[in-house]
Amino acid sequence: MSTPTRRLTAAQALVQFLSAQYTERDGVRHRLIAGTWGIFGHGNVAGLGQALLEAGEDTMPFHQGRNEQAMVHAAVGYARQLDRLSAQAVTTSIGPGATNLVTGAALATINRLPVLLLPGDYFATRAADPLLQQLEHPVEADLSVNDTLRPVSRYFDRVSRPEALIPAALNAMRVLADPVETGAVTLALPQDVQAEAYDWPEEFFADRVWHVRRPAPDLAELAEAVEAIRSAERPLIVAGGGIHHSRAEEALKALVDATGIPVASTQAGKGSLRHDHPADLGGIGHTGTAVSDDIARAADLIIGVGTRYTDFTTASNTLFQNPAVRFVNLNIAAFDAHKLAARTLVADAKSGLEALTSGLEGHRVDPAYEAEYRAGKASWEQVVETAFTAPDENAVPTQTQLLGALDSVVGDDDVVINAAGSLPGDLHKLWRARSPRQYHLEYGYSCMGYEIPAGIGVQQAAPGTPVWSLVGDGTYLMMPTEIVTAVQEGLPVNLVLIQNHGYASIGGLSESVGGERFGTAYRYRAADGTFSGAPLPVDLAANAASLGMDVLRPKTVRELREALAAARASDRPTCVYVETDTATPTAPPAEAWWDVPVAETASRASAVQAREEYDRQVADRRRHL
């Protein structure tokens, strides 16, 4: 008896296959690849382009992008909003279209977020060689520019024959749906293979459901973790992004309510507890709150949940200073669970937290410890109020007063997106997250240009949700292109564009390490050759308007609040353009160090002084063994 087949091109088969892939967790099914972003060129227009056209929007929704990197950012924003249970694909031509994917792929993989990359590739048959845009290597003839995607992909395959698509596509789905392995997945598709027909087994196109596991903790590991927590006097939970990916927020709250253990959050984990929960201490590390970092310095047990422990979280290994400090790490990935020589609890965050709550029944931290961190939290709330409040409503707002105005306008379900510049530090310290998805900071790769396309992805994932993409002028100039996509798709993304005439964040860092803000200002050249002349006459608001956005130009704090409210009420993409007061410092200083090495020898006094401070700080660094 012959097996039923369907004759399709490789590209047509791939689109049909992707349309039938699903994830399932807790009995709820999600479409795994919910749509495809694309920019067409000679490497994919007659293959995947034709296949998407033939399949139609019902089979595979298509989204038109303007920049290949930005398309990946949009797909990442989409996947994050949906807790990695649904993702999108991105197709490009060969050459620069493909290499533009690399930055987005690195961002996705570093942040453990799924995206399927489908770049065109050179002829598998070598019938035309070399092609337009082909990289020729003298000793590796099978090398293409797509190989730059190998180190930033969790899975990579070059489909050199139509029938090779079957195992490649199945492996791609396996990795995308796996909470341990997920990240960018690349299937490089030679342009001749895309258009080549094959008799595909019908089973290849059947609905396929990929179960997203919730592994429970090993009983021996659980017993050790429970004992470590019961014996600790000053435990602290460090909440990472894994709590959100697992939808473990309620499980965390249940543990904290039962035990009184306080919670400090990484950038990815902020919002794991609502900001007004008595045990929520806010951000931790270099951009953390005073109360979080003070509690962390004296903690004798750190309970990491779903965190990678980046240098911003650990203050470059200077934060956890208690000589007796030990670590228990709950993480679905053993790679992360073993960091800092921790006792490991390799499990899903929700399953692991529920098991800890059960094992710790009847246990609670000392009331004096609770009183201590609650007092610290109350003190920090006064810092937030001071930073957010403008004494004069008719004055030009500072950046933190801008955040205060936004805080007064947003609802619980609004999503605030940022990735780079000085805003991540201010947001981590000050933002009062009201729901698990409200705080959307991409700080694994901290990629300038992420915010606007990610806002589009979030809007696609959660239609009707007010979305705020916060960017400075430096970030805006990197990648404003997807404004056109938001306008085209009718997605009312709100862009808050802050004009401070340069790279403000790096300027401040440069000054602190003896770099004297060299090369960070957007100004004319002065007579001495430096960029210290008048600010450049760049009108970014006019640029945003030229790309199709409605633009509001508030001048004062009062006008800013009114403009933000108008933007939130609008059904069109809207830009709120703000020139902030950069001369009046309102942001709280860093509460912990960050290791940026300073020149060991220098003739300029600024660098010499910065090195002296560096040597003082680095003396506190320790290895946790």
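Scroll up a little and you will see the structure.
Residues numbered from 1 in each chain as written. Predicted model: local features only at pLDDT ≥ 70, side-chain atom pairs only at ≥ 80, totals over all residues. Heavy atoms only, no water.

1. Considering the sheet that holds strand 17 (residues 343-346)
Now for step 1: Here we have six strands laid out as an open sheet, ordered 14-13-12-15-16-17, and parallel in their pairing. The open sheet has two edge strands, strand 14 (280-283) and strand 17, and neither has a second partner. With strand direction ignored, the average angle separating the axes of adjacent strands in the sheet is 20 degrees.
Now for step 2: As paired elements, strand 13 (residues 263-265) and strand 14 share two bridges and run parallel to each other. Of the residues in strand 14, the one forming a bridge with Ser-265 is Gly-283. (Pairing = 2+ DSSP bridges. Helix = DSSP H or I, 4+ residues; strand = E, 2+ residues; numbered from the N terminus. Axes fitted to C-alpha atoms, helices over the stretch in contact; angles between N-to-C directions.)

2. What to know about the pattern of salt bridges
Now for step 1: Throughout the structure, instances matching the rule amount to 36 salt bridges.
Now for step 2: Arg-161 is paired through a salt bridge with Glu-163; the nearest N and O atoms lie 3.7 Å apart.
Now for step 3: Exposure remark for Arg-161: the relative accessible area of 37% places this residue in the partly exposed category.
Now for step 4: For Glu-163, a relative accessible area of 32% puts it in the partly exposed group.
Now for step 5: The residue Asp-595 makes a salt bridge to Arg-621 at a minimum N-O spacing of 2.2 Å. Taken together, the residues Asp-595 in the loop between strand 23 (574-579) and helix 24 (605-618) and Arg-621 in the segment after helix 24 connect sequence positions 26 residues apart. (Salt bridge = Lys/Arg side-chain N within 4 Å of Asp/Glu carboxyl O. Buried < 20%, exposed > 50% of the residue type's maximum accessible area, 1.4 Å probe, protein only.)

3. Some thoughts on the pairing of strand 7 (residues 115-121)
Now for step 1: Burial within strand 7 is extensive, with seven of its seven residues counted as buried.
Now for step 2: Alternating positions in strand 7 separate into two faces, Val-115, Leu-117, Pro-119 and Asp-121 on one and Leu-116, Leu-118 and Gly-120 on the other, with burial throughout.
Now for step 3: Across five bridges, the pairing between strand 7 and strand 9 (residues 184-190) is parallel. Of the residues in strand 9, the one forming a bridge with Asp-121 is Pro-190.

4. Here's the deal with the nonpolar core
Now for step 1: Counting residues in each nonpolar core, the largest one holds 81 residues, and the members touching the most others are Leu-236, Ile-237, Ile-302, Leu-356, Trp-468, Leu-470 and Leu-564.
Now for step 2: Per-element accounting of this core gives the leading share, six residues, to helix 15 (residues 367-388).
Now for step 3: Among residues more than four places away in sequence, those in contact with Leu-470 are Leu-403, Leu-406, Val-416, Ile-417, Asn-418, Leu-423, Leu-427, Glu-451 and Val-496.
Now for step 4: Of all hydrophobic cores here, the second largest spans 37 residues; its members include Ala-10, Ala-87, Leu-116 and Val-175. (Core = buried A, V, L, I, M, F, W, Y, C linked by side-chain atoms within 4.5 Å. Contact = heavy atoms within 4.5 Å.)

5. Side note on the sheet that holds strand 22 (residues 550-552)
Now for step 1: An order of 19-18-20-21-23-22 is seen for the six strands of this open sheet, with the pairing classed as parallel. Two strands lie at the open edges of the sheet, namely strand 19 (439-441) and strand 22, each paired on one side alone. Looking at each pair of strands side by side, their axes are set apart by 20 degrees on average, direction ignored.
Now for step 2: Taken together, the six bridges between strand 21 (residues 494-499) and strand 23 define a ladder with parallel strand orientation. Bridging across to strand 23, Ile-498 finds its partner in Val-578.
Now for step 3: Packing of helix 16 (residues 399-409) onto the sheet brings it into contact with strand 18 (415-418), strand 20 (467-472), strand 21 and strand 23, and relative to strand 20 it is tilted by some 175 degrees.
Now for step 4: Lying over the sheet, helix 23 (residues 557-569) contacts strand 20, strand 21, strand 22 and strand 23, oriented at roughly 165 degrees with respect to strand 23.

6. Details of the side chain of Thr-92
Now for step 1: Note that Thr-92 resides in strand 6 (residues 87-92).
Now for step 2: Not counting residues up to four positions away in its chain, the partners in contact with Thr-92 are Ile-39, Asn-44, Glu-68, Met-71, Gly-97, Ala-98, Leu-101, Leu-118, Pro-119 and Gly-120.

7. As for the packing of aromatic side chains
Now for step 1: Considering all chains together, one arrives at 11 aromatic pairs under this definition.
Now for step 2: Relative to Phe-204, the ring of Phe-17 lies with its centre 4.5 Å away and its plane at 15 degrees, an arrangement referred to as stacked. Taken together, the residues span a long stretch of sequence, with Phe-17 in helix 1 (residues 10-18) and Phe-204 in the loop between strand 10 (197-201) and strand 11 (208-211) at a distance of 187 residues. For the pair formed by Phe-17 and Phe-204, the shared burial category is buried. (Phe/Tyr/Trp six-rings, centres within 6.5 Å; stacked < 30°, edge-to-face > 60°.)

8. Quick look at helix 16
Now for step 1: Taken across its 11 residues, helix 16 has 10 buried, putting it largely inside the fold.
Now for step 2: Along helix 16, the residues classified as buried are Gln-399, Thr-400, Gln-401, Leu-402, Leu-403, Gly-404, Ala-405, Leu-406, Asp-407 and Val-409.

9. Quick word on the side chain of Gln-399
Now for step 1: Here Gln-399 lies in helix 16.
Now for step 2: Judged by relative accessible area, which is 13%, Gln-399 ranks as buried.
Now for step 3: Of the polar contacts made by the side chain of Gln-399, one reaches the side chain of Asp-426; its length is 2.8 Å.
Now for step 4: Once residues within four sequence positions are removed from consideration, Gln-399 is found in contact with Ser-422, Leu-423, Asp-426, Ile-498, Asn-500 and Thr-580. (Polar contact = N/O pair within 3.5 Å; in protein donor to acceptor, adjacent residues only side chain to side chain.)

10. What about the packing of helix 1 against helix 6 (residues 165-177)?
Helix packing for two helices is described by the angle between their axes and how far apart those axes are.
Now for step 1: Relative to each other, helix 1 and helix 6 sit at 30 degrees, their axes nearing to 11 Å. In this structure, helix 1 crosses over helix 6, and the sense of that crossing is right-handed. Contact residues: helix 1 offers Ala-10, Ala-13, Leu-14, Phe-17 and Leu-18, while helix 6 offers Leu-165, Ala-169, Leu-170 and Met-173.
Now for step 2: Residues of the contact of helix 1 with helix 6, tallied by class, amount to nine nonpolar, no polar and no charged. (Left-handed = near helix turned anticlockwise from the far one by under 90°. Nonpolar A, V, L, I, M, F, W, Y, C, P; charged D, E, K, R; others polar.)

11. With respect to the packing of helix 10 (residues 249-259) against helix 14 (residues 349-359)
Now for step 1: At a minimum axis distance of 9 Å, the contact between helix 10 and helix 14 shows a crossing angle of 20 degrees. As the angle between them shows, helix 10 and helix 14 are arranged roughly parallel. Seen from above, helix 10 lies across helix 14 with left-handed handedness. Here helix 10 contributes Ala-251, Leu-252, Ala-254 and Leu-255 to the contact with helix 14, which in turn contributes Lys-350, Leu-353, Glu-354, Leu-356 and Thr-357.
Now for step 2: Its residues assigned to classes, the contact of helix 10 with helix 14 comprises six nonpolar, one polar and two charged. (Parallel < 35°, antiparallel > 145°, perpendicular 65-115°, else oblique.)

12. Quick look at the pairing of strand 2 (residues 21-25)
Looking along a regular strand, one sees the side chains alternate between the two faces of the sheet.
Now for step 1: Within strand 2, five of the five residues are buried, leaving the element largely enclosed by the surrounding structure.
Now for step 2: The alternating pattern of strand 2 places Gln-21, Thr-23 and Arg-25 and Tyr-22 and Glu-24 on opposite faces, both of which are buried.
Now for step 3: Counting the residues in the hairpin turn of strand 2 and strand 3 (residues 28-31) gives two residues, including Asp-26, whose phi is positive at 55 degrees.

13. Overview of helix 5 (residues 101-110)
Now for step 1: Burial runs high along helix 5: seven of the 10 residues are buried.
Now for step 2: Restricting attention to buried positions, one finds in helix 5 the residues Leu-101, Gly-104, Ala-105, Ala-106, Leu-107, Ala-108 and Thr-109.
Now for step 3: Where helix 5 is buried, its residues touch helix 3 (68-81), strand 6, helix 4 (96-99), strand 7 and strand 9.
Now for step 4: Just past helix 5, the residue Arg-112 takes up positive phi, approximately 60 degrees.

14. A closer look at the environment of Leu-301
Now for step 1: Tracing the sequence through the fold places Leu-301 in strand 15 (residues 301-305).
Now for step 2: Along the sequence, Leu-301 and Leu-236 sit 65 residues apart, while their C-alpha atoms lie 6.3 Å from each other.
Now for step 3: Dropping the residues within four chain positions of it, Leu-301 is found in contact with Ala-228, Ile-229, Ala-232, Arg-234, Pro-235, Leu-236, Val-325, Arg-326, Phe-327 and Val-328.

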